[in-house]
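# A closer look at the structure
The residues making up each chain are set out below.
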Amino acid sequence: MSETQKTAAPGGQTRHRMLTFHILRYNPQDPDSKPHMQSYQLEEAEGMTLFLALSEIREHQDPTLQYDFVCRAGICGSCSMLINGRPGLACRTLTKDLGTEITLAPLPVFELIGDLSVNTGKWMRGMSERLETWVHTKEQELNLDKAEERMDPDLAESIYELDRCVECGSCVAACGTAQMRNDFVGAVGMNKVARFKLDPRDTRTDDDFYELVGDDSGVFGCMSLLGCHDVCPKELPLQTQIAFLRRKMISVGLK
Amino acid sequence: MRKGDRQVIINSQKVTITERDEAQGLIAQRDFGGTKKWRTCYVSDGTGHAMLYTASDRAIAEGIDVHERKEAISLIHDGHRCYGAVVRDLITGELSVYLAKATALATGGAGKVYRVTTNAIICEGIGHALALETGVACLGNMEAVQFHPTGIVPLGILVTEGCRGDGGLLRDVDGHRFMPDYEPEKKELASRDVVSRRMEEHIRKGKGVKSRFGEHLWLDITLLGRHHIEHNLREVKEICESFMGIDPAEKWIPVRPAHHYTMGGVRTNHTGESQQLKGLFAAGEAACWDMHGFNRLGGNSVAETVVAGMIVGEFISDFCDKKENDIDIPMSLAQQFYDSEKAKLGSLLNSAGKENAFKLNTEMQEIMTSSVGIFRNGDALAEGVKHLQDLLKRSRNIGLTSKVPGVNPELVMAYRVQKMLKVALAIAYGAQNRTESRGAHFREDYPHRNDQEWLKRTLAFWRDGADLPELQYETLDVMKMELPPGWRGYGAKDYIDHPDTAKRQAEIDEIRKQMEGSDRFAVQDKIMPFRDKLPASLRGRNERLDEPLNG
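Residues numbered from 1 in each chain as written. Chains lettered and ligands numbered in written order. Predicted model: local features only at pLDDT ≥ 70, side-chain atom pairs only at ≥ 80, totals over all residues. Heavy atoms only, no water.

## Notes on the overall build of chain B
Keep this limit in mind: Secondary structure elements follow DSSP: runs of H or I of four or more residues count as helices, runs of E of two or more count as strands, with numbering from the N terminus. Radius of gyration: C-alpha atoms only; globule rule: 2.2 Å multiplied by the number of residues to the exponent 0.38. Any pair of residues with heavy atoms lying within 4.5 Å of one another is described as a contacting pair. Note on areas: Shrake-Rupley with a 1.4 Å probe; residue coverage comes only from the protein chains shown. Residues counted as positive are Lys and Arg, residues counted as negative are Asp and Glu, and His and the chain ends are not counted. By convention, the point assigned to a charge is CZ for Arg, NZ for Lys, CD for Glu and CG for Asp.
Assigned secondary structure in chain B consists of 15 helices and 18 strands. Rg of the C-alpha trace for chain B: 24 Å, near the compact-globule value of 24 Å for 551 residues, within the 12% margin. With the C-alpha coordinates aligned to their principal axes, the bounding extent of chain B is approximately 65 × 60 × 50 Å. Sequence separation of at least 24 residues holds for 64% of the intrachain contacts in chain B that already meet a minimum separation of 6. Of the roughly 23100 Å² that chain B leaves accessible, carbon and sulfur atoms contribute 50%. Here chain B carries 74 positive and 79 negative side-chain charges, and the mean point of each set is 1 Å from the other.

Laid out in structure tokens, this is it:
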């Protein structure tokens, strides 16, 4: 296994690249602030992610720099930003996969908080309320003493597959329709509808789902550009889900 | 593979398999370190994620407002009753006051007082500090800090214990599987503190792998096969690829123990309420609710989250419903706390101080990691406490380089590090004074568990103007225990027993003998009744496969 050790352990002092970060700065809370690009230089380190890089910049070069990291492990979805123009999770981006000139900007569509920080939470809440993204069960008293209802394991796995969404907003930022229509629910919304449609506990019918997404703010607003599918950091099967949902909704609409 | 295979999943309510056919379709369970039975429910490798989204969806369904990006910076109280909090908006930087009959802290752990932690970067122990800074409420067992054996190097991101539960191995610089040398019975599945300590011990023997980020060991899951890794440990695979650029089906993962869990927290009674400050509740990792004691088993963090959420939530609701808990809110008091916080932030912004908040934070983390880590001893702890006290003094002299309006990340670091230092001191000072080893708290100079002198909770108070916490101790009553402290199944039987232990054990043995043939509920009631401690709605028996409920 000496080979493993050689390749996995970043031993020894190698010369590191000098990276230049070009960051779109703007603080809406500051009347004197105007949107502008600002550059920072930083020596690369082994295994450096954009989380490590931005933390170093804030601590040692510019304490006013705003960004959002929570888990720094790719599971909370807080740190999505435009990395060289493409939406993605900054914490999951290794600098070694980028050139020496790195451009960072906040996600479009969402309300800007400052610099790289945007309010995805507010947008997601609105989407969830509109699509009612929860299991709609029959009105009944829940008996906590009873064992849980059984679910077919394969079906449970299919639901979990879609449930892995972290609501990072990358799909919305990469969406042509979302740039033009404020009320578009995005791939994140359609994926959620697909997820609850699969759930046998959810009593909603196709007609009910048609009411939710059977128009231009839902499945029929999608232009099939599928930027969402390309950028999803969880590699959710968004293309399949949107196509499936659209076919379903067309059949309801034609009834 | 076993019959019925353990695939995965739920959508956070119901799930998969166990190896028994009759359990098909129920929530999946598996082994975790330190347990002999499958007892840990899981959803693939996203258990927390699935539960979080279900709870969040439910909150939206119920129309519950969630005020995001708000941070409590001070609790409003009169020394007896908590009335709410002064809250800072993390978008605009504005202060406001939230007044409430009941105030609950659910702020998670305090991992960021350490340099290497598996915790999220927002786990700074601010909730702990808020309670401490009241000068009235106290923290319990703060020196009980758990380290997780398998944080990846260098980021400290956790790879799940499931890796070892499923059969993954720990190897050293020579590729040697070393855990069986230390723990022949449980090997890689000994409890977390044991595995962590053995790993550090092995590194000290010169068996670590040297790298630019310090030494580490290897976690080898290649033997589980690509199929298993890509299905059951998908998140582990993602972490390795995204944060290190390696494929764990082919390569070993560099790991080292990292801070993982804060067993201590705001000391509460069984309803989750502070014992000193009425109307202040704490739940989850932020609380010392006696779910864990001085150690914690894998899976018990999510258990604490949902169980405390359910039980304490119910108690809070009951509390608010009671007429006697109505409050006349003293507006002058709220104003006083608001003004005081406003003044503190103002003086930070206008300070001519020379101290850098980020630097103080880093220094604190270094001290905690080197002096209050897995191995502890009196000299290093005394040194660490002194150093932290010095940092606390220096933190009163922080100067900011920028006064930008809005959230101002430098200002945030400044007021948080002042709070975090108090939490760090509660941990370090508690560790210095506990002259025994217990659970995750390991003293090289006092390597034995000493039930005779130390079977008690540490309580830390922070009195006004003090520069150290005041420690008190709360004695435990062995005669009321269901399971008197005994041998825990690993290591030498070299602890010092409590004088009551043998007596209580004999008592329990006698009860069990007399009640042989009685159902387990009757035995439980005789040994340690607990149902009256639950909210009325949660007192029923849980259905099990072998104990169906009637009707």
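## What to know about the nonpolar core
All names here are of chain B. Quick reminder of the rule: Here, the term nonpolar core denotes a set of buried Ala, Val, Leu, Ile, Met, Phe, Trp, Tyr and Cys residues that are joined through side-chain atoms within 4.5 Å. Burial classification: accessible surface area is computed with a 1.4 Å probe over protein chains only, and a residue below 20% of its type maximum counts as buried, one above 50% as exposed, and the rest as partly exposed.
Core analysis: the largest hydrophobic core is formed by 83 residues, its most contacted members being Met 364, Met 368, Leu 388 and Ile 427. Among the elements that take part in this core, helix H12 (residues 409–433) stands out by supplying 15 residues, more than any other. Those residues within four positions of Met 364 in sequence are excluded, and the remaining contacts are Lys 112, Val 113, Leu 388, Leu 391, Met 420, Leu 421 and Ala 424. Counting 60 residues, the second-largest nonpolar core is a separate cluster that includes Ile 157, Ile 221, Leu 233 and Ile 253.

## A short note on the sheet that holds strand S14 (residues 287–288) of chain B
Each strand in a sheet pairs with another by means of backbone hydrogen bonds, the pair being arranged parallel or else antiparallel. Residues and elements named next belong to chain B. Formally: In short, DSSP must find at least two bridges between two strands for them to pair.
Within the open sheet, the 5 strands sit side by side as S14-S12-S7-S17-S18. Their pairing is mixed. A strand with exactly one partner marks an edge of an open sheet, and here the two such strands are S14 and strand S18 (470–475). Of the strand pairs in this sheet, strand S17 (residues 456–461) and S18 are connected by 6 bridges, and their pairing is antiparallel. Paired with Leu 459 across the strands is Gln 472, a residue of S18.

## Examining the interface of chain B and chain A
The criterion, for reference: Note on definitions: buried area is the accessible-area loss of two parts on being combined, 1.4 Å probe, summed for both. We count a salt bridge whenever a side-chain nitrogen from Lys or Arg sits within 4 Å of a carboxyl oxygen from Asp or Glu. Think of a polar contact as two N or O atoms within 3.5 Å of one another; within protein, one of them needs to be a possible hydrogen donor and the other a possible acceptor, and neighboring residues in sequence only count if both atoms come from side chains. In this classification, Asp, Glu, Lys and Arg are treated as charged, Ala, Val, Leu, Ile, Met, Phe, Trp, Tyr, Cys and Pro as nonpolar, and every other residue, Gly included, as polar.
At the junction of the two partners, chain B supplies 84 residues and chain A supplies 73 residues. With both sides pooled, the region where chain B packs onto chain A buries about 6500 Å², and carbon together with sulfur makes up 56% of that total. Counting across the chain B and chain A interface gives 5 salt bridges. As a salt-bridge pair, Glu161(A) and Arg234(B) come within 3.2 Å of each other at their nearest N and O atoms. Where chain B touches chain A, the interface holds 20 residue pairs in polar contact (both at pLDDT 80 or more). Within the residue set of the side of chain B that touches chain A, elements represented by two or more residues are helix H1 (47–61), helix H7 (234–244), helix H10 (357–371) and H12 of chain B. Class assignment for the residues of the side of chain B that touches chain A results in 37 nonpolar, 29 polar and 18 charged.

## Points about helix H7 (residues 186–198) of chain A
Definition in use: Here, expected helix span is obtained from the residue count minus one, scaled by 1.5 Å.
With 13 residues, H7(A) should cover 18 Å at 1.5 Å per step; its first-to-last C-alpha distance of 19 Å lies within 8% of that length. Taken residue by residue, H7(A) has Gly186(A), Ala187(A), Val188(A), Gly189(A), Met190(A), Asn191(A), Lys192(A), Val193(A), Ala194(A), Arg195(A) and Phe196(A) as its buried positions.

## Considering the sheet that holds strand S5 (residues 101–105) of chain A
Residue and element names in this part refer to chain A. The following threshold applies: In this description, a line fitted to the C-alpha atoms serves as the axis of each element, helices being fitted only across the stretch in contact, and the angle between N-to-C directions of two axes falls anywhere from 0 to 180 degrees.
The strand order across the open sheet formed by 5 strands is S2-S1-S5-S3-S4, and the pairing between neighbours is mixed. Edge positions in the open sheet fall to strand S2 (36–43) and strand S4 (86–89), since each of these has one partner strand only. Going across the sheet, the axis of each strand differs from the next one's by a mean of 35°, ignoring polarity. For strand S1 (residues 18–25) and S5, the ladder comprises 4 bridges, and the chain directions are parallel. Considered in S5, the bridge of Ile 23 is made with Leu 104.

## Some words on the environment of His216(B)
Along the chain, His216(B) turns up in the loop between helix H5 (192–207) and strand S10 (217–220). When the C-alpha positions of His216(B) and Ile203(B) are compared, they lie 7.5 Å apart, and in sequence the two are 13 residues distant.

## Describing the packing of aromatic side chains
Residues and elements named next belong to chain B. Stated precisely, the cut-off is as follows: Between rings of Phe, Tyr and Trp, where Trp is taken as its six-membered ring, a pair exists when centres lie within 6.5 Å; planes separated by under 30 degrees are stacked, by over 60 edge-to-face, and by other angles tilted.
Per the stated rule, a full pass over the model turns up 9 aromatic pairs over all chains. Considering the side-chain rings of Tyr 114 and Phe 147, the 5.7 Å spacing of their centres and the 85° angle between planes classify their relative orientation as edge-to-face. Of this pair, Tyr 114 sits in the loop between strand S6 (103–105) and helix H2 (126–132) while Phe 147 sits in strand S8 (residues 145–152), and the two are 33 residues apart along the sequence. Residue Tyr 114 is classed as buried on the basis of its relative accessible area of 1%. The exposure class assigned to Phe 147 is buried, which follows from its relative accessible area of 9%. For the ring pair Phe 178 and Tyr 182, a centre distance of 6.4 Å and an interplane angle of 80° mean the geometry is edge-to-face.

## Describing the packing of helix H9 (residues 331–350) of chain B against H12(B)
All names here are of chain B. Stated formally: Any angle from 65 to 115 degrees is called roughly perpendicular, while one under 35 is roughly parallel, one over 145 is roughly antiparallel, and all others are oblique. In a left-handed crossing the near helix is turned counterclockwise from the far helix by less than a right angle, and in a right-handed crossing that turn is clockwise.
Put simply, H9 and H12 touch, their axes get as near as 11 Å, and they point 120° apart. When the axis of H9 is compared with that of H12, the two are oblique. Of the two elements, H9 crosses H12, and the hand of that crossing is right-handed. Facing H9, whose interface residues are Leu 345, Leu 348 and Leu 349, H12 presents Leu 411, Ala 414, Tyr 415 and Gln 418. Split into classes, the residues belonging to the contact of H9 with H12 amount to 6 nonpolar, 1 polar and no charged.

## Looking at the packing of H7(A) against helix H10 (residues 238–253) of chain A
Residues and elements named next belong to chain A. Here H7 crosses H10 at 70°, and the two axes come no closer than 9 Å. Between H7 and H10, the angle is such that the two are roughly perpendicular. Along this stretch, H7 crosses H10, giving a crossing that reads as left-handed. Of the residues in H10, those touching H7 at Ala 187, Met 190, Asn 191, Val 193, Ala 194 and Lys 197 are Leu 238, Gln 241, Ile 242, Phe 244, Leu 245 and Lys 248.

## Description of the domain arrangement of chain A
Residues and elements named next belong to chain A. Under the convention used in this document: Either an automatic procedure or a domain database provided the assignment from which the domain bounds are taken.
When its domains are assigned, chain A resolves into domain 1 (3–117) and domain 2 (132–253). Look at where the C-alpha atoms of domain 1 and domain 2 centre, and you get two points 31 Å apart. Of the roughly 1000 Å² buried where domain 1 meets domain 2, counting both sides, 62% is carbon and sulfur surface. Our count for the domain 1 to domain 2 interface comes out at 0 salt bridges. Scanning the region where domain 1 abuts domain 2 turns up 4 residue pairs in polar contact (both at pLDDT 80 or more). Here the side of domain 1 that touches domain 2 takes 4 residues from S4, the largest share from any one element. Per-class residue counts for the side of domain 1 that touches domain 2 are 8 nonpolar, 4 polar and 2 charged.

## Concerning the pairing of S17(B)
All names here are of chain B. Burial analysis of S17 places 5 of its 6 residues in the buried class, which makes it a mostly covered element. As defined by bridge partners, strand S7 (residues 139–140) adjoins S17 across 2 bridges and the pair is classed as antiparallel. Considered in S17, the bridge of Leu 139 is made with Ala 460.

## Notes on the pairing of S4(A)
All names here are of chain A. Summarising the sheet, strand S3 (residues 80–83) and S4 pair through 4 bridges and their orientation is antiparallel. Within S4, the position partnered with Ile 83 by the bridge is Arg 86. Where S3 hands over to S4, the hairpin turn is made up of 2 residues, of which Asn 84 adopts a positive phi near 50°.

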